[in-house]
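A closer look at the structure
Chain by chain, the residues run as shown.
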Amino acid sequence: MRNLICLLMLAVGISTYSQGNLQESLKIKSKSLNKTVEYSVYLPQDYDQSNRKYPVLYLLHGYSDDETGWTQFGEVKKIGDALISDLEVTDMIIAMPDAGLDFYFNSYDGKIMYEDFFFKEFIPHIETQYRVRAEKQFRAVAGLSMGGHGAMLYAFKHPDMFAAVGALSAAVLTREFVLESSDEEYNKYLRHSFGERKGVGEERITAYMKANNPLFMLENDDVEPFKTVKYYIDCGDDDFLIKNNMELHALMLDKKIPHEFRVRDGDHNWTYWRTALPEVLKFISSSFHR
C-alpha cells in the first residue's frame, strides 16, 4: 500500500520525501569583521514539531561562491530531505556561512578576522539561535575547494571542536605551488590572506603560512590531537587539485592519521560535488552516532 501511495504521489508531482526548511541569506552582525555576514541554514523536517536538540554540520563554500552556493548549486535541501527520509542519515542542522574570498582564517595583517568570527561569533550564534547539541560529538565541518581547505584547517587548529570533517577537492597548498607559482597566480588567490610574496625558495614559506595550511601543519605540528577527528577526503581524478589532495592523503598516511580517501571520475565542478555530498552526509551522520 505504501509503495502504491508513493507511486501515485510521484505521478501527480508530489514529493514523497519529508521537507526540511531552508532559509537563505540570514544575517548576523559581526564585531570581528565589522560588517554584517550572511548565512543560510537547513533545518530538518521535524524541527518545528519537536523540542529536541540536533547535531550541526557547518558546510563551507568554495572560492567565488557565497552562503547560497550549497543551496543553489549543491542542492543541499533536496539531498538532505531524501537521505533523512530514507533513514540514511540522521536529522541534522546544516549551517552555511558566507566567507567571501577569505580562506576561512584570519588574514596575516589582522584586517580580516574570519576565523575569529567563525568560532567566537558564528558557532555561538547558531548554538543559541537554534536547538543544537553544543558538544564536539555533535558538531562537524565540511566544504569544497576553498571550503575544503577551511574544513581541514579548522579540524587541525581546533580538534576539540569537531567530531568529523568532509573535505571535497580541498584547496590545500603544496610546497611546489608556493615556491613555483607565478606572482600573478599567487597574488590573485593568496596575497590578501598570506601576505606579499617575499624572497626566493624556502623563504617564501612563511611561519604564518605554515600555521594556516593543512599540508604544512602535518609536517610541523604535533599531529596526535588531529587523530581525535574523523576525516573524509574526496577529489576527482580530473581535478586540478588532485595532486594536492593525494599529497594530503600521503602525509596523513605517513603520520598514521586514520581517514577515508576517495578518488572518483570527475572534475572541479558542481556535478562532482553534488554527487559527493550524499556520501559526506552519511559519513558525518555516522560520526554523530555512538
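For the structure itself, look to the data block above.
Taken as a whole and judged by the stated rule, the model has 15 salt bridges. Put simply, Glu202 and Arg175 hold a salt bridge, and the shortest N to O gap is 3.1 Å. With Glu202 in the loop between helix 8 (191-194) and helix 9 (207-211) and Arg175 in helix 6 (residues 175-180), this pair connects stretches of sequence that are 27 residues apart. The partly exposed category is assigned to Glu202, whose relative accessible area is 45%.

Sheets are built from strands that pair by backbone hydrogen bonding, the pairs being arranged parallel or antiparallel. Taken together, the eight strands give an open sheet; going across it, the order is 1-2-4-3-5-6-7-8, and neighbouring strands pair in mixed fashion. The sheet is open, and its two edges are formed by strand 1 (21-30) and strand 8 (260-264), each paired on a single side. Across this sheet, the average inter-strand angle for adjacent strands is 20 degrees, counted without regard to direction. Strands in contact with helix 3 (residues 76-85) are strand 1, strand 2 (35-43), strand 3 (56-60) and strand 4 (93-97); relative to strand 2, the strand with the most contacts, it is inclined by about 30 degrees. In the packing of helix 11 (residues 242-254) onto the sheet, contacts are made with strand 7 (230-236) and strand 8, and the angle to strand 7 comes to roughly 150 degrees.

Moving on, we come to the side chain of Thr68. With respect to the secondary-structure elements, Thr68 resides in the loop between strand 3 and helix 2 (69-72). Excluding residues that lie within four positions of it along the chain, Thr68 makes contacts with Glu24, Ser25, Ser40 and Phe73.

Of note, Leu87 is a non-glycine position whose phi angle comes to about 60 degrees, a positive value. Here Leu87 shows up in the loop between helix 3 and strand 4. Under the relative-accessibility criterion, Leu87 is labelled exposed at 75%. Of note in this structure, Tyr104 is not a glycine but carries a positive phi near 75 degrees. On the secondary structure map, Tyr104 appears in the loop between strand 4 and helix 4 (114-129). The buried category is assigned to Tyr104, whose relative accessible area is 0%.

A word on the packing of aromatic side chains. Scanning the entire structure with this criterion turns up 23 aromatic pairs. Geometrically, the ring pair formed by Trp70 and Trp270 is edge-to-face, given 5.1 Å between the ring centres and 90 degrees between the ring planes. Taken together, the residues span a long stretch of sequence, with Trp70 in helix 2 and Trp270 in helix 12 (residues 270-288) at a distance of 200 residues. By relative accessible area, which is 14% here, Trp270 ends up buried. Through pairs of rings, three or more aromatic residues link up here, namely Tyr39, Tyr58, Tyr104, Tyr114, Phe117, Phe118, Phe119, Phe122, Tyr154 and Phe162. Stacked on the ring of Tyr47, the Lys or Arg Arg131 has its end atom at 4.1 Å from the ring centre.

Counting 63 residues, the largest nonpolar core has Tyr58, Phe118 and Tyr231 as the members making the most contacts within it. Setting aside residues up to four positions removed in sequence, Tyr231 forms contacts with Met152, Ala155, Phe156, Val165, Phe226, Met252, Ile257, Pro258, His259, Glu260 and Phe283. Of all hydrophobic cores here, the second largest spans 28 residues; its members include Leu83, Met96, Ala164 and Ile284.

Cut-offs and rules
Each chain has its residues counted from 1, running along the sequence as written. Selection of residues for local features in this predicted model requires a pLDDT of at least 70, selection of side-chain atom pairs for listing and counting requires 80 or more, and totals for whole chains, interfaces and linings are taken over all residues. As a rule here, side-chain values come from all non-hydrogen atoms in the structure, and water together with hydrogens is ignored. The working definition used for a salt bridge is a side-chain nitrogen of Lys or Arg within 4 Å of a carboxyl oxygen of Asp or Glu. Think of it this way: any DSSP run of H or I at least four residues long counts as a helix, any run of E at least two long counts as a strand, and we number them from the N terminus. For every residue, the accessible area (1.4 Å probe, protein chains only) is compared with the maximum for its type, and the residue is labelled buried under 20%, exposed over 50%, or partly exposed between those bounds. Two strands form a pair only when DSSP identifies at least two bridges running between them. For helices, the fitted axis covers only the stretch in contact; all axes are lines through C-alpha atoms, and the angles between them, taken along N-to-C directions, range from 0 to 180 degrees. Residues are treated as being in contact if the distance between any of their heavy atoms lies within 4.5 Å. Here the aromatic set is Phe, Tyr and Trp, taking the six-membered ring for Trp, and pairing holds for ring centres within 6.5 Å; pairs whose planes are under 30 degrees apart are stacked, those over 60 apart are edge-to-face, and all others are tilted. Two limits define a charge over a ring: the Lys NZ or Arg CZ must be within 6 Å of the ring centre, and within 35 degrees of the ring normal. The definition of a nonpolar core used throughout is a set of buried Ala, Val, Leu, Ile, Met, Phe, Trp, Tyr and Cys residues joined through side-chain atoms within 4.5 Å.

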